[in-house]
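The primary structure of each chain is shown beneath.
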Amino acid sequence: MAEKELKTPLLDELENGPWPSFVREIKKSAAKNAMARETLGQLERSYEDRISHWKHGGLVGVMGYGGGVIGRYSDLPEEFPEVAEFHTYRVNQPSGWFYTSEALRTICDIWEKHGSGLTNMHGSTGDIILLGSKTEALEPCFADLTEAGWDLGGSGSDVRTPSCCVGPGRCEWACYDTLAACYDITQTYQDELHRPMFPYKYKFKFAGCPNDCVAAIARSDMSIIGTWKDSIQIDQDEVRAYAASGVDIEAEVVELCPTGCISWDGEKLVIDNSECVKCMHCINVLPKALAPGKERGATILIGAKAPIVGGALLSSVFVPFIEMEPPFEEIKELAEAIWDVWGEYGKNRERVGEFIQRVGLGNFLEEIGLEPVPEMIAHPRTNPYIFFDEELEEDEDE
Amino acid sequence: MAEKELKTPLLDELENGPWPSFVREIKKSAAKNAMARETLGQLERSYEDRISHWKHGGLVGVMGYGGGVIGRYSDLPEEFPEVAEFHTYRVNQPSGWFYTSEALRTICDIWEKHGSGLTNMHGSTGDIILLGSKTEALEPCFADLTEAGWDLGGSGSDVRTPSCCVGPGRCEWACYDTLAACYDITQTYQDELHRPMFPYKYKFKFAGCPNDCVAAIARSDMSIIGTWKDSIQIDQDEVRAYAASGVDIEAEVVELCPTGCISWDGEKLVIDNSECVKCMHCINVLPKALAPGKERGATILIGAKAPIVGGALLSSVFVPFIEMEPPFEEIKELAEAIWDVWGEYGKNRERVGEFIQRVGLGNFLEEIGLEPVPEMIAHPRTNPYIFFDEELEEDEDE
Amino acid sequence: MAVAQRKTDIGPPDYRQFLHPVIKKNYGKWKYHEIPEPGVMVHVAESGDRIYTVRAGTPRLLSIESIRLFADLADRYSGGYLRWTSRHNVEFLLDDPKNIEPLKKELNDHGYPIGGTGNSISSIVHTQGWVHCHSSASDASGVVKAVMDQLYERFTTMDLPAKLRVAYACCLNMCGAVHCSDIAILGVHTKPPTINHEDLPKMCEVPTLVSSCPTGAIRPATVDGKQSVEVEDEQCMYCGNCYTVCPAMQINNAESDGISIWVGGKVSNARTEPKFSKLAIPYLPNNPPRWPEVVDAVVNLVEVYAKHARKHERMGEWIERIGWPRFFELTGIPFTKYHIDDFKHAGETFKRSTHLKHTH
Amino acid sequence: MAVAQRKTDIGPPDYRQFLHPVIKKNYGKWKYHEIPEPGVMVHVAESGDRIYTVRAGTPRLLSIESIRLFADLADRYSGGYLRWTSRHNVEFLLDDPKNIEPLKKELNDHGYPIGGTGNSISSIVHTQGWVHCHSSASDASGVVKAVMDQLYERFTTMDLPAKLRVAYACCLNMCGAVHCSDIAILGVHTKPPTINHEDLPKMCEVPTLVSSCPTGAIRPATVDGKQSVEVEDEQCMYCGNCYTVCPAMQINNAESDGISIWVGGKVSNARTEPKFSKLAIPYLPNNPPRWPEVVDAVVNLVEVYAKHARKHERMGEWIERIGWPRFFELTGIPFTKYHIDDFKHAGETFKRSTHLKHTH
Ligand code: SRM
Ligand code: SRM
Ligand code: SRM
Ligand code: SRM
Ligand code: SF4
Ligand code: SF4
Ligand code: SF4
Ligand code: SF4
Ligand code: SF4
Ligand code: SF4
Ligand code: SF4
Ligand code: SF4
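What counts and what doesn't
Residues numbered from 1 in each chain as written. Chains lettered and ligands numbered in written order. Predicted model: local features only at pLDDT ≥ 70, side-chain atom pairs only at ≥ 80, totals over all residues. Heavy atoms only, no water. Donors = N, O, S within 2.8 Å, 3.2 Å for Na, K, Ca; no water. Helix = DSSP H or I, 4+ residues; strand = E, 2+ residues; numbered from the N terminus. Phe/Tyr/Trp six-rings, centres within 6.5 Å; stacked < 30°, edge-to-face > 60°. Buried < 20%, exposed > 50% of the residue type's maximum accessible area, 1.4 Å probe, protein only. Lys NZ or Arg CZ within 6 Å of the ring centre and 35° of its normal. Contact = heavy atoms within 4.5 Å. Salt bridge = Lys/Arg side-chain N within 4 Å of Asp/Glu carboxyl O. Polar contact = N/O pair within 3.5 Å; in protein donor to acceptor, adjacent residues only side chain to side chain. Nonpolar A, V, L, I, M, F, W, Y, C, P; charged D, E, K, R; others polar. Near = heavy atom within 4 Å.

Engineer: Tell me about the coordination of the iron atom of ligand 4, and please be specific about residues and values.
Structural biologist: Tetrahedral coordination by four donors sets the ideal angle at the metal to 109.5 degrees; octahedral coordination by six donors sets it to 90 or 180 degrees. Within the protein, a single donor atom binds the iron atom of ligand 4, namely Cys213 of chain A (SG) at 2.3 Å. Checked against the element boundaries, Cys213 of chain A lands in the loop between β9 (204-207) and α8 (216-219).

Right, dumping it as structure tokens:
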């Protein structure tokens, strides 16, 4: 089959049009690599049949690791023997997806040697995805990767590859060092990352400010989102310059502040910082004039996940404000406390956000040893179904 | 015991203070009536013991009716034999709680003859509550009531006594005739009101406008709330008069409009009625200047209830706009269609709001024969768990 | 057992016979209203006719003696026409404004205060309590009387930011609109039911009883050879639903019953959508005859609200503007794990954004 | 089986070795940024230093040939320094603004468009589809390519009211942030799984399988004498969770798999709190290679939004302002019963007020 000329009329359609074409990418590799060629062939079949031709992965991986490789098999192995086994590696990306050309070439060379030559830059979790490896290639490829300084990321019921926004690397709004925090946490939890031992996956994401450029609040069991406590820094000259240049400060800034805490008299922008909820909007619109305050740190939120199976969750506030200095001890203490409780009482395939809903946030906090604070909730309960402790402490509510 | 002098030191405390005292009320009747006196005695015991001394009611009522009487027995019958049986009648109030002195005296006379002389004017559902009757008095009291033109209201799993706001009787904002609608529905459903045959209770409440002075949206399975479709009527002279008299139109009206659809230049109030959500606020603040539009009717909402047992519900939109003319056929058709479906599939003690949540509003609408409209929802579903019909009609979504 | 002559299903009397002639004439043709003073309203019809309303507070629990008094007052001042409101205030409907003052004076002399209009605290909607109900965790009328004695001036004046609706219910059945009130006072049981295994088999059906429990805390069990049930204490949140369906599940408990306080609900659609009340204070002790802890808590809430809210801002609207953290700060109410929802849709109440005011 | 020399648990390389010298020097000391043109940014440090970014779109699925190309371009124009963004665009980090134009030209010549900054549509975050995943209801890269071909100009310009984030996922597992995107395209199965009773007993544990179903649609059953399961079709909503835990529960179906469209989600805390995406179109057919129905639907949504939203208003913020009824009206999308939630917290999505715009 690999010999026959490969006809892909349906996929060829997708070489047209202005947007860069993944088909062209596959063909680039296919020119030299049989696995890539058969990927194309099988994909064309999927386009004809309107169905995936991949089967479930079995347990494949590298020795000593429980995660980092996603097993995959073709359901047309006779026709496409080269991709009969077609596993992916999740290679842990560097913080912030920063590279040098040299680093990239190293990865390309290794992947040319051991795999299909196809990648995802990057997977949704953040990894470098090396797409399509045979089982026999796994160990040698892994050896070459680690030799060159690269390691695998997570998969299965483990810590998943943490990721972070560009942060202090290039952003003026980073309220803490996202790159350092992401790297430190990744290194600290190598064991938890490589050896699944949780009820289900556990994702960390680090965003430098409430803009959340890494979608932490939507996709991570532990979302660490930068913020500040004190007053927004204002350069009044620059505000006036924006106004002069045509920005309608009233309509674009004042009226869109969610708490209505900004006023502008044409000369001076005044912010009632005690009402500000640190949403970033005014700063976003006037980057030269405004900046987050100086007393910076992060809000820790927990429990985000996709809908399977109880419904999607956004993370919810766990620690309203925390200082973020290396070695990030509080984050680690919190994460480990969570793993202890969830590890003991969590059900199989129950994300921590679901677990908390099941056992009750109040009870969970007691187990973790955190005080409940009203910042954790949108509003207090509306239903009267309170589980009172054995002994009611009356004066608790005086 | 009824002979002994009655000491009520705890309750006597509640004769002090400026607010009218229910203890004084009980004493007024107790002066002439032994049941009232023992009510006071048993209540004093509850104040001492910090617990109710009433027991569950059994099945008591008047012949042919299944509702309208709440049975009640003392758990201290030896001590308080006069209130050993202490049932209440729910007497159906007239629409809007309008009375003449004569009508009231008739009720008082009947109640002097047959009961404790104590009442609630009125019960939370709206009835005149005659508080405390012996079992043997039920039939004669009922005979006298009906003879005088009064009938019982609902209790148990039936239509409950409908109630309504004062509406066109005294309110300039009534968008339909709440008094007439309430009366008509009550008369039409005498059978459903008196003979429980539903899975659970079913309450109607009629409010003339979105101010909802009868709390329909919070407390009725079918909430009929007046509204309008066209433009708010404005008398600009009166707006200016309010402004002149010191009302801050900008702060009190414009800025508090939930959709921001009002503007005021000091001379003229302009409302973008296509954005207005008919919340009433501007009209409430400027009653002389503004009034609901002329194309009036009601929004029908369904399913409100208290928290037992699945959690409280507010009613939700069922028909966004309906004209409200006698004989209120649409309301009746809807109510009956609901009773059919809920009556057939509802579980025991399952309110219609809970039932709809269980079977799905979409399915419920299909059963009732109503088209789904986006006004029924706050927003479309966020979870992807769609139960598709057998055959997907593709063009449905073109 | 002939039903013969006996009348049934006649329904309530036709309200039209009870309408004041001015109302009949101007029915549905009202133009506007004014509230010249607390408790007094004038509604002006398109015809120019006016109807004056004098509103008085009552304890709701009325002796027929008092109703007769109202009837007499109506005869003397309002042509015999009167009504009650949806919050059990009595309203006299007058066509002659000269009758307002004498009527007010008589009502006041008899102890019925004039007020409850506009931005006031109107009467507390409430329930039966120990006067009539079997499941009440506290009395209703007594708590209401104690609270209103302290809020009296809020009834007779109108200088709150907006209407403030207080409601009381004596158990979780919440007979009223406690679940949507600016301030709700709610009797709560805080211990699982005590089971009378003697009576249970006689009085109740076990399957119905088992299925009545929203948390599945009740299980069938054989006790002393009889078919009965047992309650998994850990799972019980004391709703009393089992007691409603089975008298042998005694939920009342003199030691542990008490009162909780809820805030920020509303019913009207004015400005913001209707809202549920939210938990402010999970538990206060049951302290008859004057429930001082409850009275203090309510007065504190009213005063903090009165001081901080903006004009036209209902309790819940004010709290949403300032945020719950500040609400707890300003009122001095401690935040506890009980405030965090852990019932069915608990997760919906968690704060799922970084919109926080970090100020302390 | 000695692990000996083999390195493990070394973690990713230290990012610091990959930072451009200007970044290293000004790390954490950035003052402000500007976007002089689509796809080009300049970040100015407190020191006055500047770093220029040129951002190019990619298909995410990259051949090592293309990565080597990027490496070459980086060597020639950005000192060898580059990064990827969280939406798989590639960014070259330049200290010399003179290199911007030639770099742009070369990228364009190789077919990689410059843009994705500011109020544009950046690259579509997506998943594996038929390229690698077993549970995909549709391809990922193909749909994305077809859609982006039509939205190309929205990538290279910045004249939308705000950022517009599009995401794609090929099944309900939603690998990405589809559940919080301005526009989400989601592959859906619409029929219950087909059970391979032959393989099931060999491959899967029945209890795990039964408990994997969120609606309890799966029950143990004996088929042809073998221990297997059956699915109550009425209760299945095709989530595919059973297929994830058991390959014998084939969920893919060439006839009935298709695509749904969701709108109005967001992640940032800017102005409004993060929001979930909501259902816009329940089902469109799977039509490779160009999915015209899906492309049209997305383009329509973008155009209606672009025309009606106010400046800085994200899709969801716009819809909340105008209300869902008007959204359906403006987009011409029919409202069906599928839009009404009927899953767990369904009731929370009902309209529980009379805040309605009655205009037609
Ligand atoms: C490769 C990747 C998609 C991609 O093309 O980028 C991916 C691919 C798969 N995901 Fe995912 N997920 C990927 C990121 C995500 C994300 C996004 C994220 O991590 O930020 C999510 C949503 C966030 C979350 O975790 O909730 C995500 C939510 C899921 C879920 C649903 C989990 C849930 O709790 O709802 C599953 C189902 C499962 O775990 O069984 C899943 C399962 C899978 C499996 C393993 C399929 C399965 O059922 O076994 C997919 C393997 C596909 C393949 O053949 O390669 N994947 N998955 C992403 C990982 C790449 C990387 O390491 O960088
Ligand atoms: C008398 C009254 C309270 C009052 O003092 O005003 C009342 C009294 C009782 N209600 Fe109620 N309810 C009364 C209005 C309400 C209301 C308000 C309303 O109708 O507007 C509600 C909330 C709205 C609603 O229907 O949800 C209400 C929600 C309940 C519930 C909870 C129902 C639920 O679905 O959540 C129960 C429990 C039950 O039905 O078993 C209940 C049950 C009861 C019972 C029958 C107690 C029981 O468990 O059997 C009470 C009898 C007390 C007694 O001894 O007189 N009562 N009950 C009200 C009826 C007077 C009247 O006819 O005018
Ligand atoms: C008499 C009564 C209707 C009845 O049929 O009995 C009534 C009568 C009026 N209401 Fe009401 N409302 C009455 C109960 C209610 C209720 C129901 C309740 O309290 O349980 C509500 C909903 C409360 C809530 O949202 O929780 C209610 C919410 C309103 C509102 C909206 C207030 C707001 O801003 O949220 C207005 C408008 C206003 O006052 O500005 C209003 C306005 C009015 C007006 C001004 C209407 C008019 O033009 O005549 C009437 C005099 C109001 C006053 O007292 O200041 N009425 N009003 C009820 C008097 C109760 C009492 O004795 O205190
Ligand atoms: C490079 C990147 C971070 C990274 O580490 O890779 C990034 C970088 C910047 N983001 Fe972002 N954002 C990046 C993904 C995101 C995401 C995540 C996503 O799209 O999945 C979000 C959340 C999106 C959402 O809410 O759904 C995001 C929400 C924002 C916002 C808030 C926008 C809003 O009004 O809601 C801003 C502020 C603004 O642009 O006004 C922002 C602003 C910025 C600034 C201006 C920050 C700065 O001062 O440098 C950067 C250039 C923005 C631009 O492209 O116009 N960035 N930004 C990501 C580029 C993605 C891409 O290639 O297109
Ligand atoms: S999340 Fe904030 S700090 Fe990080 S890149 Fe985005 S805007 Fe900058
Ligand atoms: S950050 Fe947001 S809340 Fe704070 S002042 Fe700016 S716009 Fe307002
Ligand atoms: S609900 Fe409306 S119409 Fe009825 S009394 Fe209240 S304000 Fe008037
Ligand atoms: S009724 Fe409400 S929404 Fe309509 S214009 Fe008046 S304040 Fe605005
Ligand atoms: S609230 Fe509870 S205790 Fe009070 S009257 Fe209603 S059912 Fe009885
Ligand atoms: S009180 Fe409520 S939760 Fe407790 S056992 Fe009875 S029904 Fe169940
Ligand atoms: S979304 Fe579903 S089909 Fe697509 S990669 Fe993720 S698990 Fe596979
Ligand atoms: S597809 Fe989902 S709902 Fe259907 S049987 Fe499988 S797990 Fe259950």
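Next comes the rest of the description.
Engineer: Quick one: what's the story with the packing of aromatic side chains, residue by residue and with numbers?
Structural biologist: Aromatic rings considered in pairs are described by the distance between their centres and by the relative angle of their planes. Enumeration according to the criterion identifies 76 aromatic pairs over all chains in this entry. On the numbers, 6.4 Å between centres and 25° between planes, the contact of Tyr99 of chain A with Phe18 of chain D is stacked. With Tyr99 of chain A in strand β5 (residues 98-100) and Phe18 of chain D in the segment before α1 (21-26), this pair bridges two chains. Phe18 of chain D gets classed as buried once you look at its relative accessible area, which sits at 4%. Ring-pair connections join several aromatic residues into one group, and the members of that group are Tyr99 and Trp150 of chain A together with Phe18, Phe70, Trp84, Phe92 and Tyr112 of chain D. One Lys or Arg, Arg351 of chain B, reaches over the ring of Tyr200 of chain B and ends 5.8 Å from the middle of that ring. Looking at Arg83 of chain D, its charged tip hangs above the ring of Phe98 of chain A, at a distance of 5.4 Å from the centre.

Engineer: Please give an account of the interface of chain A and chain C that cites residues and values.
Structural biologist: Bring the parts together and some accessible area is lost; that lost area is often taken as the interface size. Across the boundary between the two partners, chain A contributes 55 residues, which contact 54 residues of chain C. Run the count over chain A and chain C and you get six salt bridges. Where Asp389 of chain A meets Lys337 of chain C, a salt bridge forms, and the shortest distance between an N and an O atom there is 3.2 Å. Seen at the junction of chain A and chain C, the total is 18 residue pairs in polar contact (both at pLDDT 80 or more). Mapped by element, the contributors of at least two residues to the side of chain A that touches chain C are β10 (222-228), β15 (296-302), β16 (316-322), α13 (352-359) and α14 (361-368) of chain A. The leading source of residues in the side of chain A that touches chain C is α14 of chain A, at five residues. For the side of chain A that touches chain C, a count of residues per class yields 30 nonpolar, 13 polar and 12 charged.

Engineer: Give a description of the site of ligand 8 that names residues and reports values.
Structural biologist: Close contacts around ligand 8 come from 13 residues, with Cys257, Cys276, Cys279, Met280 and Cys282 of chain B the closest. Of the residues contributing to the shell around ligand 8, the split by class is 11 nonpolar, one polar and one charged.

Engineer: Residue-level account of the site of ligand 3, with values.
Structural biologist: Taken together, the neighbourhood of ligand 3 is formed by 33 residues, with Cys213 of chain B together with His43, Thr85, Gly118 and Ser122 of chain C sitting nearest. Around ligand 3 the close residues trace back to chains B and C. Residue Lys163 of chain C places a side-chain N or O atom 2.9 Å away from an oxygen atom belonging to ligand 3. A distance of 2.7 Å separates an oxygen atom of ligand 3 from a polar atom in the side chain of Arg314 of chain C. Contributing elements (two or more residues each) for the shell around ligand 3: β1 (30-37) and β2 (40-45) of chain C.

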